[in-house]
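Working through the structure, step by step
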Amino acid sequence: GAGVSQSPRYKVAKRGQDVALRCDPISGHVSLFWYQQALGQGPEFLTYFQNEAQLDKSGLPSDRFFAERPEGSVSTLKIQRTQQEDSAVYLCASSLADPHYNQPQHFGDGTRLSIL
Amino acid sequence: DQQVKQNSPSLSVQEGRISILNCDYTNSMFDYFLWYKKYPAEGPTFLISISSIKDKNEDGRFTVFLNKSAKHLSLHIVPSQPGDSAVYFCAAKAGGTSYGKLTFGQGTILTVHP
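Residues numbered from 1 in each chain as written. Chains lettered and ligands numbered in written order. Predicted model: local features only at pLDDT ≥ 70, side-chain atom pairs only at ≥ 80, totals over all residues. Heavy atoms only, no water.

1. Some remarks on the overall build of chain B
Helix and strand content of chain B: zero helices and 11 strands. Listing every helix and strand of chain B by position from the N terminus yields β-β-β-β-β-β-β-β-β-β-β. With the principal axes as the frame, chain B shows a C-alpha extent of 45 × 30 × 20 Å. In chain B, buried positions account for 45% of the 114 residues. Of the contacts formed within chain B by residues at least 6 apart in sequence, a portion of 54% connects residues at least 24 apart. When the accessible area of chain B is evaluated, it comes to approximately 5,400 Å², of which 51% is carbon and sulfur surface. Of the side chains in chain B, 11 bear a positive and 9 a negative charge, and the two mean positions are spaced by 4 Å. (Helix = DSSP H or I, 4+ residues; strand = E, 2+ residues; numbered from the N terminus. Buried < 20%, exposed > 50% of the residue type's maximum accessible area, 1.4 Å probe, protein only. Contact = heavy atoms within 4.5 Å. Areas by Shrake-Rupley, 256 points an atom, 1.4 Å probe, with all protein chains shown as cover. Lys, Arg positive; Asp, Glu negative; His and termini not counted. Charge placed at Lys NZ, Arg CZ, Asp CG, Glu CD.)

Here it is in structure tokens:
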């Protein structure tokens, strides 16, 4: 498809389980971002990739969160030993160029993660 | 600290009238501002943006105004249509070594009545 694709759309896990969330950015987009959105709030930045390089992970809330983009296209956000406070919508966004060029980020529909 | 604030949680407007959504920011390093629209169970959709070197940008029914001295941003929708009913987020990007991360406001729910 032409847009950012995320899978799964919904994920339910028990506390303590590991989860993996996938993002397929728009083809050719250099920049890829992950955001976390709590109910009733705006998205909050987690991490940024320029091609395969993770240049900013300042928003990752703990060392249980890990992201990768090994070939500079598809990205995976992994959460280990999930906690109830990890329940949120996880959004992926991509943009064509590196951030020095002011271009909009285009978002996927997100993965809604529920931790029981 | 909330660097981007949307102080109105909701706004109700009659079809055909103007909708004005407001956003305030505190970080003077922000150099690029965006508005996104979000329907339930979907991701944010980009609407319009403005660079800090401009004070106005227009795209069809949507106009964004930037007042740098007041650190204030607004989105005007004219005329408003029922399909515009959604949550609207303003977002900002800082220059320098921010790597392009967007800082979002909390959102404003716009309802356009037929």
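We are not done yet, so read on.
2. Some details on the sheet that holds strand β8 (residues 75-79) of chain A
Residues and elements named next belong to chain A. Taken together, the four strands give an open sheet; going across it, the order is β1-β3-β8-β7, and neighbouring strands pair in antiparallel fashion. Edge positions in the sheet fall to β1 (5-7) and β7 (65-68), since each has one partner strand and no second. Each strand of the sheet is rotated relative to its neighbour by a mean of 15 degrees, with strand direction disregarded. For strand β3 (residues 19-24) and β8, the ladder comprises five bridges, and the chain directions are antiparallel. (Pairing = 2+ DSSP bridges. Axes fitted to C-alpha atoms, helices over the stretch in contact; angles between N-to-C directions.)

3. Section: the sheet that holds strand β8 (residues 72-77) of chain B
All names here are of chain B. Spatially, the five strands line up as an open sheet ordered β1-β3-β8-β7-β6, and their pairing is antiparallel. What marks the edges here is a single partner per strand, and that holds for β1 (4-5) and β6 (56-59). Pairing between strand β7 (residues 62-67) and β8: six bridges, direction antiparallel. Note on β8: the bridge partner recorded for F62 is I77.

4. Quick word on the pattern of salt bridges
Residue and element names in this part refer to chain B. A full pass over the atoms with the stated rule returns six salt bridges over all chains. Here K93 makes a salt bridge to D31, at a shortest N to O gap of 3.3 Å. On the criterion of sequence distance, the pair formed by K93 in strand β9 (residues 86-94) and D31 in strand β4 (residues 30-38) is long-range, its members being 62 residues apart. Since its relative accessible area comes to 7%, K93 is described here as buried. Residue D31 is classed as partly exposed on the basis of its relative accessible area, which comes to 21%. The salt bridge partner of K56 is E58, with a shortest N-O separation of 3.9 Å. (Salt bridge = Lys/Arg side-chain N within 4 Å of Asp/Glu carboxyl O.)

This is a description of form; function is not addressed.
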